[in-house]
Amino acid sequence: MDLVKTLSELRNIFQLSRSRFSIDEEEWSTPPRNQLVFIGPHLNSDDIQQQLTACLV
């Protein structure tokens, strides 16, 4: 079994809320895509975008 291929075919869901987190895997029910979702009051989307862009190699 090709572990990399198997992992890449699964949908990986990472959820983080303060000190609690979960990591789940499941089959895709839609075409695969990458998505980040931020939920919270007073989030500055420009600041988040700049910080994420700064992480790109």
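Residues numbered from 1 in each chain as written. Predicted model: local features only at pLDDT ≥ 70, side-chain atom pairs only at ≥ 80, totals over all residues. Heavy atoms only, no water.

## A closer look at a nonpolar patch on the surface
- A cluster of nonpolar side chains, namely Phe14, Leu16, Phe21 and Ile23, defines an oily patch on the protein surface of about 540 Å² accessible area.
- Elements supplying a minimum of two residues to the nonpolar patch: strand E1 (10-17) and strand E2 (20-27).
- Its place among the elements puts Phe21 in strand E2.
- Its relative accessible area of 63% is what places Phe21 among the exposed residues. (Patch = residues over 30% accessible without salt bridge, like charges linked within 9 Å, V, L, I, M, F, W, Y side chains within 5 Å. Areas by Shrake-Rupley, 256 points an atom, 1.4 Å probe, with all protein chains shown as cover. Salt bridge = Lys/Arg side-chain N within 4 Å of Asp/Glu carboxyl O. Helix = DSSP H or I, 4+ residues; strand = E, 2+ residues; numbered from the N terminus. Buried < 20%, exposed > 50% of the residue type's maximum accessible area, 1.4 Å probe, protein only.)

## Re unusual backbone geometry
- Phi is positive for Arg18, close to 55°, though the residue is something other than glycine.
- Its location among the elements puts Arg18 in the loop between E1 and E2.
- For Arg18, a relative accessible area of 85% gives the class exposed.
- Here the phi dihedral of His42 falls at roughly 60°; this positive angle occurs in a residue that is not glycine.
- Inspection of the secondary structure puts His42 in the loop between E2 and helix H2 (45-55).

## Let's talk about the environment of Val37
- Considering the arrangement of structural elements, one finds Val37 in the loop between E2 and H2.
- By relative accessible area, which is 58% here, Val37 ends up exposed.

## Observations regarding the environment of Ser22
- Inspection of the secondary structure puts Ser22 in strand E2.
- Those residues in contact with Ser22 that sit more than four places away from it in its chain are Ile13, Phe14 and Gln15. (Contact = heavy atoms within 4.5 Å.)

## Concerning the pairing of E2
- A small share of E2 lies buried, amounting to zero of its eight residues.
- Pairing of E1 with E2, which is carried by eight bridges, proceeds in the antiparallel orientation. What sits directly across from Leu16, in E2, is Phe21.
- What sits between E1 and E2 in their antiparallel hairpin is a turn of two residues, with Arg18 showing a positive phi close to 55°. (Pairing = 2+ DSSP bridges.)

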